[in-house]
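The primary structure of each chain is shown beneath.
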Amino acid sequence: MNERETMSPRSGATALGRPGPINPILTGPGEYPFVTLDRMRRALAPSDRTIIHFGMGDPREETPEFIRAALREGITPVSSYPAAAGQPELRQAAAGWFARRFGVTLDPERHLLPANGTKEAVFLMALAVVGERGGSARRTVVIPSPAYPVYEPGARFAQADVHVVPLRSADGWKFDPDRVPDDVWARTALLWLNYPHNPTGAMLTRDDYARIMTLARVHGLWVASDEAYAEVWFETRPPSVLECGFDNAVALHTLSKRSAMTGYRSGFIAGDERLIDALRRFRPNVGVATPDFVQHAAIAAWNDDAHADRQRERYAAKRRLLREYFDHRGWAVEASEATFYLWMKAPGGDDVAFVRECLRAGIVATPGSFMGEGGAGFVRWALVPTLEDCREALTRLDTVAGGGAA
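Residues numbered from 1 in each chain as written. Predicted model: local features only at pLDDT ≥ 70, side-chain atom pairs only at ≥ 80, totals over all residues. Heavy atoms only, no water.

A few points about the side chain of R380
By secondary structure assignment, the location of R380 is in strand β15 (residues 378-382). Despite being buried, R380 has no salt bridge partner; D226 is the closest side chain of opposite charge, sitting 10 Å away. Polar contacts involving the side chain of R380 include one to the side chain of N198, which spans 2.7 Å. (Helix = DSSP H or I, 4+ residues; strand = E, 2+ residues; numbered from the N terminus. Buried < 20%, exposed > 50% of the residue type's maximum accessible area, 1.4 Å probe, protein only. Lys, Arg positive; Asp, Glu negative; His and termini not counted. Salt bridge = Lys/Arg side-chain N within 4 Å of Asp/Glu carboxyl O. Polar contact = N/O pair within 3.5 Å; in protein donor to acceptor, adjacent residues only side chain to side chain.)

If you want it as structure tokens, here you go:
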């Protein structure tokens, strides 16, 4: 009998053995929200029209040619594993940008670690700071919501306890640390911040960060500030949490939005050298840095600011176009101070129903309820289609939610 076969206890028949266990997180009812949204698109969007995507935040502008040229130049005849800590030149380029952008000096050797985009860093963060069950009283990850949908799965895979703090329209979608009880803070290992905020486009001030970091240092917890949209602003430049010091804080940055490089998977983590050192030791266990030729392109991108300014102008033009249309229709927009998202109240109040109607017109947007607690009744528009496609989308929107312009 094959070692994989067993005898059926009732019939004596031979049967294959049962497979081993699977993590229940992977077999549960939850689904990544953009997988759900894509399933809705396939079911509802017309097959005879080009679909215009305001759903996932994946810019459709070309990656600047000088960055693509640097990528090509970085390809060598012999391929080698890239070091987990990344190329020194990349760390230096990222630190140089950070100093220009925020006026904060990072030591490239002690305060900065490249990452495969911020999504990898987000997922791994809780695994790095949450201890084994029974071995630590600090097992809680605090997540303001609605939120980027990777914070919570990262915490769940680390077997952490999750404390969700619903953000509120009345607070301008800003996180208020006073809404978290002291007993929760006492058992918290990690607080996630994300400003400029996905999905609402709200911002925190430097004073807001200072207040949060004072509390974090009193309670002895880590703050991870996802600042992926720090370069997508329109009137006020967003600050970084690291402007309030490095102790207990790390900031996450990426080239995905700044430089239209979502497919390159290149970003970095910066801040408290204790956590950076721990992450540097952790990362070789789960992977290596981005390929050296991608790092070569990233060096060129971080060393140039002019292309990011031009990218911001493109987002601003699309933002003006959609805001004028939404105002004309009487569709209210909240927050939306930065990022390339518009956070719009769903006409009629049902965000899923409104998005379904948009899908039937060949337009994809994201229901706010897909982004977590607090998001119901709102719709997130990602300003990633080209300006020409945005204009076409507005023509189609004339047929949505009761017909033409109000």
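On we go from here.
Notes on the sheet that holds strand β6 (residues 161-166)
Strand pairs in the sheet, formed through backbone hydrogen bonds, run parallel or antiparallel to each other. Spatially, seven strands are ordered β4-β10-β9-β8-β7-β5-β6 in an open sheet, and the strand pairing comes out mixed. On the outer flanks of this sheet lie β4 (112-115) and β6, each paired with one strand and no other. Neighbour-to-neighbour, the strand axes of the sheet open up by a mean angle of 20°, direction not taken into account. Note: strand β5 (residues 140-145) against β6, six bridges, orientation parallel. The residue bridging T140 from the neighbouring strand is D161, located in β6. Across the sheet, helix α5 (residues 117-129) is in contact with β4, β5, β7 (188-193), β8 (222-226), β9 (249-254) and β10 (267-271); its angle to β9 comes to roughly 155°. (Pairing = 2+ DSSP bridges. Axes fitted to C-alpha atoms, helices over the stretch in contact; angles between N-to-C directions. Contact = heavy atoms within 4.5 Å.)

A few points about the confidence of the model for the protein chain
Taken over all residues, the pLDDT of the protein chain has a mean of 92, while the share at 70 or more is 93%. Throughout residues 1-11 the model reports pLDDT below 50, and contacts reaching past four residues in sequence, or to other chains, amount to 15 contacts. A low-confidence stretch, residues 402-406 stays under pLDDT 50, and its non-local contacts, those more than four residues away or across chains, total 11 contacts. (pLDDT = per-residue confidence, 0-100.)

What to know about helix α10 (residues 292-302)
Buried residues dominate α10, accounting for eight of its 11 residues. Considered for burial, the residues of α10 that qualify are V294, Q295, A297, A298, I299, A300, A301 and W302. Structurally, α10 contributes buried residues whose contacts are with α3 (65-73), α4 (88-102), β9, β10 and α11 (306-329).

Notes on the pairing of β8
Most of β8 is tucked away: five of the five residues are buried. The side-chain alternation of β8 yields two buried faces, one formed by W222, A224 and D226 and the other by V223 and S225. Examined bridge by bridge, β7 and β8 share four bridges and lie parallel to one another. Bridge assignment links L191 to a residue of β8, and that residue is V223. Handedness of the crossover joining β7 and β8 through helix α8 (residues 206-219) is recorded here as right-handed. The pairing of β8 with β9 spans four bridges and is parallel. Following the sheet pairing, S225 is matched in β9 by A251. (Right-handed = clockwise from strand over helix to strand, strands pointing away.)

Considerations on the pattern of salt bridges
Under the definition given, this model contains 30 salt bridges. The shortest N-O distance in the salt bridge between R42 and D38 comes to 2.8 Å. Here D38 and R42 lie together in helix α2 (residues 33-44), a separation of four residues that amounts to about one turn. Residue R110 is joined to D107 by a salt bridge in which the shortest nitrogen-to-oxygen separation is 3.1 Å. Judged by its relative accessible area of 36%, R110 falls in the partly exposed class. Among the charged side chains, a network of salt bridges with common partners joins R100, R101, E231, R258, D305, D309 and R312.

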